[in-house]
Amino acid sequence: MPAYLCPPAVIHGENTVKTSQIVADVRERHPDAAWAPRIDGIAASTGIETRGWMVPLETAVAPGSGSVLPAAGAGAAREALAGEGFRAPDVERVIAALESIPAPQTVQERTAPAWAAVRSYGERAARGALQIAGLDAADVDCLITSHSTTPALPGLDVALANQLPLRGDVLLLPATQWACVAGTRSLALAADLVAADPDRVVLVVIAEALSTTYQPADDTLESLIVRLLFADTAVAAVVTGRPRPESALRLDAAWHHTLPGTQDLHRLDTRADGTHFVMDRRGPRAVQQTVTAMWEWLHARYQDDPGAWHPDVLLAHPGGTRVLEYMEQTMPAAWPSGLLDFSRDSYTTGNRGGAAVFDIMRRAYDAGQAPGSRAVLYAAAPGLTATALEGAWL
């Protein structure tokens, strides 16, 4: 049984961060990095000039409230210096100097403001999606949430259940670790839920503060790219088992795919100074394998007429320009050009992670789509795992 998706609400990060600001910050902190002479070219190659964050850049790069010499370690430091023959006045000067050097932000200092923003932005997106669908919070039967970069327990699902508020019998389904695949996979799950009960109303909310992965001290080329790519966004949409006047897209089928042995190519590492997004240069090629597998799935679905059918729009999470280029290169020659225009447009203001597909769909919806035209939604995430959906505009 098909599922029906109302247009999503999209709330972009309200703090504009320019690429030039990031380049200036990185250049000042890492003037001797091997990639420093190439930083301008690397930044230009992303095609991203600005992105929206939930917190200002100044918050992300600010030092922590403590010092490199915690109070508990001052006594031991004094004893060690005295044992090396330093005179008492010299010991105190060294201790004072160490105490004046700020330490990096702790996990708590980095996560707390982002988690507050995720809850606030998520609520705004949820209320916007309900208004678009012509529904109230009391109409929601199930809530699916995702927020990968702000670990919390309880999570966004419980926060929204209280903030909106939702009925006490609403089914809460948090999916924090879906990351970039949250957009498509949440819709696939919602479609299964409404197939079991067509009268069920499912609200999907994804709020990602990817700016929390901005780590000023990291000096690898990969960390530079991470700092240049990510944007913060909250999105939400309503999925129903029966068409509504507000429904925009019918979802007809879902596809899932996981590549074995790729779990270390992209990952989040939680360290003393917060969350680090770690990526391997082999990642784009692995993502490309899931694209090839998706083409095979679509070919099998339309094997009776594979030459005549093609999507009229491809809403693909743009993990990077290389993935989009590979998609275009491997499309059947008979397919029209421009299928990824909305994905490229979204990417010009940053990689939105799990919120990306909803943002891309909103752009396509606002541009106008002919009823009956075909759409394919695709996303891949660390793991490496992918989900795609196929459907038609209403």
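Residues numbered from 1 in each chain as written. Predicted model: local features only at pLDDT ≥ 70, side-chain atom pairs only at ≥ 80, totals over all residues. Heavy atoms only, no water.

Student: I'd love a proper account of the pattern of salt bridges, names of residues and values included.
Tutor: The full count for this structure, using the stated rule, is 20 salt bridges. With a shortest N-O distance of 2.9 Å, Arg78 and Glu92 are connected by a salt bridge. Here Glu92 lies in helix H5 (residues 88-100) and Arg78 lies in helix H4 (residues 71-83), a separation of 14 residues in the sequence. Overall, the relative accessible area of 39% leaves Glu92 in the partly exposed class. Asp169 is the salt-bridge partner of Arg167, the closest N and O atoms lying 2.9 Å from each other. In the salt-bridge network here, residues are joined through shared partners; they are Arg250, Asp252, Arg301, Arg374 and Glu390. (Salt bridge = Lys/Arg side-chain N within 4 Å of Asp/Glu carboxyl O. Helix = DSSP H or I, 4+ residues; strand = E, 2+ residues; numbered from the N terminus. Buried < 20%, exposed > 50% of the residue type's maximum accessible area, 1.4 Å probe, protein only.)

Student: Please give an account of the packing of aromatic side chains that cites residues and values.
Tutor: In total, this model carries five aromatic pairs according to the counting rule given. Consider the rings of Trp255 and Trp297, whose centres lie 6.1 Å apart with planes at 25 degrees: the pair is stacked. On the criterion of sequence distance, the pair formed by Trp255 in strand S9 (residues 249-258) and Trp297 in helix H10 (residues 283-301) is long-range, its members being 42 residues apart. Judged by its relative accessible area of 9%, Trp255 falls in the buried class. Classification of Trp297 as buried rests on a relative accessible area of 14%. Considering the side-chain rings of Trp295 and Trp335, the 5.4 Å spacing of their centres and the 90 degrees angle between planes classify their relative orientation as edge-to-face. Note that Trp295 is positioned in helix H10 and Trp335 in the loop between helix H11 (321-330) and helix H12 (341-347), a separation of 40 residues in sequence. Summarising the burial analysis for this pair, Trp295 and Trp335 share the class buried. (Phe/Tyr/Trp six-rings, centres within 6.5 Å; stacked < 30°, edge-to-face > 60°.)

Student: Can you tell me about the environment of Leu224, naming the residues and giving the values?
Tutor: Within the fold, Leu224 resides in helix H9 (residues 221-229). Sequence-wise, Leu224 and Asp252 are 28 residues apart; in three dimensions their C-alpha atoms are separated by 40 Å. What Leu224 contacts, discounting residues up to four positions off in sequence, is Val26, Trp35, Ile39 and Ile42. (Contact = heavy atoms within 4.5 Å.)

Student: Provide a residue-level description of the side chain of Ser343, including the pertinent values.
Tutor: Assignment of secondary structure puts Ser343 in helix H12. Engagement of the side chain of Ser343 in a polar contact is seen with the backbone oxygen of Leu314, the distance being 3.3 Å. Every residue in contact with Ser343, bar those within four places of it in the chain, is listed here: Leu314, Leu315, Ala316, Pro318, Leu324 and Ile360. (Polar contact = N/O pair within 3.5 Å; in protein donor to acceptor, adjacent residues only side chain to side chain.)

Student: Please provide a residue-by-residue account of the side chain of Thr46, values included.
Tutor: As for its placement among the helices and strands, Thr46 is situated in the loop between helix H2 (39-45) and strand S4 (50-53). The buried category is assigned to Thr46, whose relative accessible area is 8%. There is a polar contact of 3.2 Å between the side chain of Thr46 and the backbone nitrogen of Ile48.

Student: Mind laying out the packing of helix H1 (residues 19-29) against H9, listing which residues take part and the relevant values?
Tutor: Viewed as axis vectors pointing N to C, H1 and H9 meet at an angle of 150 degrees, and their least axial separation amounts to 10 Å. Taken together, the axes of H1 and H9 are roughly antiparallel relative to one another. For the pair H1 and H9, the crossing hand works out as right-handed. Counting all contacts with H1, which are made through Thr19, Ile22, Val23 and Val26, the residues of H9 involved are Leu224, Arg227 and Leu228. (Axes fitted to C-alpha atoms, helices over the stretch in contact; angles between N-to-C directions. Parallel < 35°, antiparallel > 145°, perpendicular 65-115°, else oblique. Left-handed = near helix turned anticlockwise from the far one by under 90°.)

Student: Explain the state of the cysteines to me, using residue names and the numbers behind them.
Tutor: The final tally for this structure, using the stated rule, is zero disulfides. Free cysteine: Cys6, not disulfide-bonded; nearest cysteine sulfur from Cys142 at 15 Å. For Cys6, a relative accessible area of 0% translates into the label buried. (Disulfide = S-S within 2.5 Å.)

Student: Residues and numbers for the environment of Leu324, please.
Tutor: Here Leu324 is to be found in helix H11. Residues Leu324 and Trp335 lie eleven residues apart in sequence; the distance between their C-alpha atoms is 15 Å. Setting aside anything within four residues of it in sequence, one finds Leu324 in contact with Ala316, Pro318, Leu340, Ser343 and Arg344.

Student: How would you explain the pairing of strand S6 (residues 171-174) if you had to name every residue and give the values?
Tutor: For a regular strand, side chains alternate in direction, first toward one face of the sheet and then toward the other. The pairing of strand S5 (residues 142-146) with S6 spans four bridges and is parallel. Across the sheet, Thr145 pairs through a bridge with Pro174, a residue of S6. With helix H7 (residues 156-163) bridging S5 and its parallel neighbour S6, the resulting β-α-β unit is right-handed. (Pairing = 2+ DSSP bridges. Right-handed = clockwise from strand over helix to strand, strands pointing away.)

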